[in-house]
Amino acid sequence: MIIYGVAALAACHLAGVILGDLLGVLLGVQSNVGGVGFAMLLLIVASDWLRRTGRLPALSEQGILFWSAMYIPIVVAMAAQQNVVAALAGGPVAIIAGVGATIACVALVPVVARIGGQDAPLPPLMAQEA
Amino acid sequence: MEMITEILSKNGLVFAFVVVGVVMWVSYQISDRLSAGRLHGSAVAIILGLVLAWWGGLATGGSKGLADVPLFAGIGLMGGAMLRDLAIVSTAYGVDIREIRKAGAAGVVALALGIVVSFAVGALVAAAFGYTDAVSMATIGGGAATYIVGPVTGTALGASSDVIALSVAAGLLKAVLVMIGTPLVAPLIGLNNPKSAMAYGGLMGTTSGVAGGLAATDKRLVPYGAMTATFYTGLGCLMGPSVMYLALLAITGG
């Protein structure tokens, strides 16, 4: 059933966020540390194990793939509720700090990505898949 | 008319699906017809979303963009942290764990470097504009990391509210820039494989920026970038009021 896939995804999400919050408390930080990352790792490991033992029928899989396909629309809704007015109203200090940090970090991407050898690019994407 | 708006606000989330669906359709038309597919449809959609957010902010004076317009409140639920994080987690389905292990070292280096460089740039800019005390420099530096690290650092160190507001604005601007700019710079920085995406997520750190930027570049890169970015804000909140502040204190001499 589709709900099994959705439920597994939701359970991984919650378990990961709880782990991230616990880690935050442990480190004494007022923030979640890596909750979504832990949730993703849980989902990867759990779905891999379920698939290998033949316990993940295609229909359950659809429950996860639906949310994956909704990702971009959800991100568009996220963009539509950003505080763009405040972002543009910060004055020169905020603008130069924000733009400067962004440019400096972007420039470092090729340097860091080279650690442990360069990777080959992914194969080109089919138009429909996007 | 009044009855219809009432029904639409009562069914906010359902109406949001319609609104976003229309935005997506318009965006893909613009992408196909005006840019011949060069600018990806999802990139256009995110830019349109930001324009709507700007309009909503101007119209209502609120802080949640379009979601502050009562009719469009459902956008707030659809694009809020809860469903956003569920969708991000779902993109990890089918990811190869070996890719993540292979890029682990690069991801950790990216996180550390991303936080330190952002703080350094933010603190330098703050000092250049006369905010030469370590507390203000650390707060604006935190804002240059993300719009959450700034206020958390500022509150912990007792920064003034105008400095905290500046740090939030710097972080918001970074998130918006990353969303729009990622597809444009991707070819220049080799952002086309899982490892560079993990480095990218760790260096940029802003979850919403990385989530939007990678979606507009190549959706297959999302889980790798999101994986590292999700650790960034937590680490930034850990390092900001401690290591970063102490380092700035040592440099400024108190």
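It should be emphasised that the depicted structure is a prediction, and the values quoted were computed from it without experimental measurement.

Q: Honestly, a nonpolar patch on the surface in this entry has me stumped. Any pointers?
A: A contiguous nonpolar patch, built from A:L88, B:L39, B:I47, B:V51, B:W54, B:W55, B:L58, B:I180 and B:L184 and spanning about 820 Å² of accessible area, is present on the exposed surface. No other element matches helix α3 (residues 41-60) of chain B, which puts five residues into the nonpolar patch. Within the secondary structure, B:I180 sits in helix α10 (residues 161-185). Under the relative-accessibility criterion, B:I180 is labelled partly exposed at 32%.

Q: What is the right way to look at the packing of aromatic side chains in this model?
A: The way to describe two aromatic rings as a pair is by their centre distance and the angle between their planes. Counted according to the given criterion, the structure contains three aromatic pairs over all chains. Plain terms: the ring middles of A:F38 and B:F231 are 5.3 Å apart, the flat faces sit at 85° to each other, and that makes the pair edge-to-face. Here the residue A:F38 occupies a position in helix α2 (residues 35-52), and B:F231 occupies one in helix α13 (residues 222-252), the pair thus bridging two chains. Judged by relative accessible area, which is 23%, A:F38 ranks as partly exposed. Looking at B:F231, the relative accessible area reads 19%, which means it is buried.

Q: What exactly am I supposed to notice about the packing of helix α1 (residues 2-27) of chain A against helix α5 (residues 81-91) of chain B here?
A: Packed helices, taken two at a time, are described by the angle their axes make and the gap between the axes. Running from N to C, α1(A) and α5(B) point in directions that differ by 110°, and their axes come no closer than 10 Å. The orientation of α1(A) with respect to α5(B), classified from their angle, is roughly perpendicular. Residues A:L9, A:A10 and A:H13 of α1(A) form the contact with α5(B), whose own contacting residues are B:M82, B:D85, B:L86, B:V89 and B:S90. Among the residues forming the contact of α1(A) with α5(B), the class breakdown is five nonpolar, two polar and one charged.

Q: Before we go on, may I ask you to explain the nonpolar core in this structure?
A: General note: in soluble globular proteins, nonpolar side chains tend to be found buried as a group. Counting 101 residues, the largest nonpolar core has A:Y71, B:I75 and B:Y200 as the members making the most contacts within it. In this structure, A:Y71 is in contact with B:A87, B:I88, B:T91, B:A211, B:G212, B:A215, B:K219 and B:V222, ignoring residues within four places of it in sequence. One finds A:V29, B:I115, B:A145 and B:F231 within the second-largest nonpolar core, a separate group that totals 13 residues.

Q: Please clarify how the interface of chain B and chain A should be interpreted in this entry.
A: One widely used convention gives an interface's size as the accessible area the parts lose upon coming together. Chain B puts 98 residues into the contact, and the matching count from chain A is 80 residues. Between chain B and chain A, a total of about 7,700 Å² is buried, with carbon and sulfur atoms accounting for 78% of that surface. Considering only the side of chain B, the residues that lose the most area to chain A are B:V89, B:Y93 and B:R220, jointly responsible for 10% of the buried surface there. Counting the contacts that link chain B with chain A gives zero salt bridges. Taken together, chain B and chain A are joined by 15 residue pairs in polar contact (both at pLDDT 80 or more).

Q: What is the right way to read the pattern of salt bridges from this model?
A: Two side chains that carry opposite charge are able to pair once their charged atoms sit near each other. With the rule as written, the count across this model stands at four salt bridges over all chains. Between A:R52 and A:D48 there is a salt bridge, with the nearest N and O atoms lying 3.3 Å from each other. Residue A:R52 and its partner A:D48 are both found in helix α2; the two are separated by four residues, about one turn of the helix. Relative accessible area serves as the criterion here: at 36%, A:D48 is assigned to the partly exposed category. Residues B:D85 and B:R84 are paired through a salt bridge, measuring 3.2 Å at the closest nitrogen-oxygen approach. Since its relative accessible area comes to 12%, B:D85 is described here as buried.

Q: Would you explain the side chain of A:Q81 in this entry?
A: Relative to the helices and strands, A:Q81 resides in the loop between α4 (71-79) and α5 (84-88). What makes A:Q81 buried here is its relative accessible area of 13%. Here B:G79 takes part through its backbone oxygen, which lies 2.9 Å from a polar atom of the side chain of A:Q81. Apart from the residues within four sequence positions on either side, A:Q81 is in contact with B:A53, B:S63, B:K64, B:G65, B:L66, B:A67, B:I75, B:G76, B:G79 and B:G80.

Q: It is not clear to me how the environment of B:K219 should be interpreted in this structure. Could you clarify?
A: Within the fold, B:K219 resides in the loop between α12 (207-217) and α13. Through-space distance from the C-alpha of B:K219 to that of B:S42 is 9.6 Å; in sequence the pair is 177 residues apart.

Q: What exactly am I supposed to notice about the UniProt feature "transmembrane region" (unreviewed entry) in chain B here?
A: In this structure's numbering, the residues bearing the UniProt feature "transmembrane region" (unreviewed entry) are residues 12-30, 42-59, 71-93, 105-129, 135-157, 164-185, 197-217 and 229-251 of chain B. Across residues 197-217 of chain B one finds 90% helix and 0% strand; the C-alpha atoms that close the span lie 11 Å apart.

Thresholds applied
- Residues numbered from 1 in each chain as written.
- Chains lettered and ligands numbered in written order.
- Predicted model: local features only at pLDDT ≥ 70, side-chain atom pairs only at ≥ 80, totals over all residues.
- Heavy atoms only, no water.
- Patch = residues over 30% accessible without salt bridge, like charges linked within 9 Å, V, L, I, M, F, W, Y side chains within 5 Å.
- Areas by Shrake-Rupley, 256 points an atom, 1.4 Å probe, with all protein chains shown as cover.
- Salt bridge = Lys/Arg side-chain N within 4 Å of Asp/Glu carboxyl O.
- Helix = DSSP H or I, 4+ residues; strand = E, 2+ residues; numbered from the N terminus.
- Buried < 20%, exposed > 50% of the residue type's maximum accessible area, 1.4 Å probe, protein only.
- Phe/Tyr/Trp six-rings, centres within 6.5 Å; stacked < 30°, edge-to-face > 60°.
- Axes fitted to C-alpha atoms, helices over the stretch in contact; angles between N-to-C directions.
- Parallel < 35°, antiparallel > 145°, perpendicular 65-115°, else oblique.
- Contact = heavy atoms within 4.5 Å.
- Nonpolar A, V, L, I, M, F, W, Y, C, P; charged D, E, K, R; others polar.
- Core = buried A, V, L, I, M, F, W, Y, C linked by side-chain atoms within 4.5 Å.
- Buried area = accessible area lost by both parts, 1.4 Å probe.
- Polar contact = N/O pair within 3.5 Å; in protein donor to acceptor, adjacent residues only side chain to side chain.
- UniProt positions renumbered as here; feature names shortened; annotations may be inferred.

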